[in-house]
Amino acid sequence: MDEYGKFFPSNGRYALQFERFFPFSCEKVFQVITDPEAFTKWYPFATGEMDLKEGGRIQFDDGEGAAYEAVILDLKPPHVFNFREIEDLIEISLQEENEGCRFFFTHTFDDQDMVEYVAAGWHRCIDVLEQIVHGQQVKWKDNASELRETYKKQFS
């Protein structure tokens, strides 16, 4: 079942937060999230080049000539993986819960006008992450426009 993201103000900026439950340990999910090869399958523009340490760099390429990098701000395996991608902040945390873990993904950014696009994009990415964690073949659903409409209504 898809869990929709939440949108809220955050210190003069905006944040989108997604939450999912995985019936796996924090260690297993964290390993998938921080594995460079898996990262390229669910995270937009990731190249697989990742220096997995605080202060380490993650390389991105938008496929249209723009290459850039993120800086890892906080890394506490198997619970915290936070990084700054250009001006945006990505915070990923895992909390043990029952027979698995609760996954939280928060994206803090400035452009409120893009919220339904950003929300739909992350929703789809996290759906793919969920497939990878479950050991399934990656299949991107053709639901971007439907999700944008849903989020536009939800956040207006």
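Read on for an overview of the structure. This structure is a prediction, so every number in the text was calculated from the model and none was measured.

## A word on the sheet that holds strand 7 (residues 88–97)
By way of backbone hydrogen bonds, the strands of a sheet pair with one another, either parallel or antiparallel.
Alright, step 1. Across the sheet, eight strands lie side by side as 1-2-8-7-6-5-4-3; this open sheet has antiparallel pairing. Every other strand in the sheet has two partners, leaving strand 1 (6–10) and strand 3 (46–50) as the edge strands with one partner each. Across the sheet, the axes of successive neighbouring strands diverge by a mean angle of 25°, strand direction being ignored.
Alright, step 2. Judged from the nine bridges that link them, strand 7 and strand 8 (residues 100–109) form a sheet pairing that is antiparallel. Bridge pairing in strand 8 links isoleucine 92 to phenylalanine 105.
Alright, step 3. On top of the sheet, helix 1 (residues 26–34) reaches strand 2 (13–22), strand 3, strand 5 (67–76), strand 6 (80–85), strand 7 and strand 8; it is set at about 155° to strand 7, its chief contact.

## Structural notes on the packing of helix 1 against helix 3 (residues 115–133)
Alright, step 1. Remark: helix 1 packs on helix 3, axes separated minimally by 10 Å, with the N-to-C direction vectors making an angle of 120°. Considered as vectors, helix 1 and helix 3 are oriented oblique to each other. Seen from above, helix 1 lies across helix 3 with right-handed handedness. Taken together, the residues of helix 3 that come into contact with helix 1 (itself represented by Lys28, Val29, Val32 and Ile33) are Leu129, Ile132 and Val133.
Alright, step 2. Split into classes, the residues belonging to the contact of helix 1 with helix 3 amount to six nonpolar, no polar and one charged.

## What about the environment of aspartate 35?
Alright, step 1. Locating aspartate 35 in the fold gives a position in the loop between helix 1 and helix 2 (36–42).
Alright, step 2. In sequence terms aspartate 35 and proline 9 are 26 residues apart; their C-alpha atoms lie 31 Å from each other.
Alright, step 3. Engagement of the side chain of aspartate 35 in a polar contact is seen with the backbone nitrogen of alanine 38, the distance being 2.8 Å.

## Some remarks on the environment of proline 23
Alright, step 1. Tracing the backbone shows proline 23 in the loop between strand 2 and helix 1.
Alright, step 2. Residues proline 23 and arginine 102, spaced 79 residues apart in sequence, show a C-alpha to C-alpha distance of 8.8 Å.
Alright, step 3. Once residues lying within four places of it in the same chain are set aside, the contact partners of proline 23 are Glu99, Gly100 and His134.

## Concerning the packing of helix 3 against helix 4 (residues 144–155)
Alright, step 1. Following both chains from N to C, one finds helix 3 and helix 4 inclined at 125°, their axes separated by 8 Å at the closest point. Of the possible angle classes, the one that applies to helix 3 and helix 4 is oblique. Our pair here, helix 3 against helix 4, has a crossing hand that is right-handed. Across the interface between the two elements, Val115, Glu116, Tyr117, Ala119, Ala120, His123 and Arg124 of helix 3 pack against Ala144, Leu147, Arg148, Tyr151, Lys152 and Phe155 of helix 4.
Alright, step 2. Within the contact of helix 3 with helix 4, the residues separate by chemical class into eight nonpolar, one polar and four charged.

## Structural notes on the pairing of strand 8
Alright, step 1. Counting buried positions over the ten residues of strand 8 gives ten, a clear majority of the element.
Alright, step 2. In the sheet, strand 2 pairs with strand 8 via nine bridges, with the strands oriented antiparallel. Counterpart to glutamine 17 in the pairing with strand 8 is threonine 106.
Alright, step 3. From the end of strand 7 to the start of strand 8, which pair antiparallel, there are two residues, and asparagine 98 there has a positive phi angle of about 45°.

Cut-offs and rules
Residues numbered from 1 in each chain as written. Predicted model: local features only at pLDDT ≥ 70, side-chain atom pairs only at ≥ 80, totals over all residues. Heavy atoms only, no water. Pairing = 2+ DSSP bridges. Helix = DSSP H or I, 4+ residues; strand = E, 2+ residues; numbered from the N terminus. Axes fitted to C-alpha atoms, helices over the stretch in contact; angles between N-to-C directions. Contact = heavy atoms within 4.5 Å. Parallel < 35°, antiparallel > 145°, perpendicular 65-115°, else oblique. Left-handed = near helix turned anticlockwise from the far one by under 90°. Nonpolar A, V, L, I, M, F, W, Y, C, P; charged D, E, K, R; others polar. Polar contact = N/O pair within 3.5 Å; in protein donor to acceptor, adjacent residues only side chain to side chain. Buried < 20%, exposed > 50% of the residue type's maximum accessible area, 1.4 Å probe, protein only.

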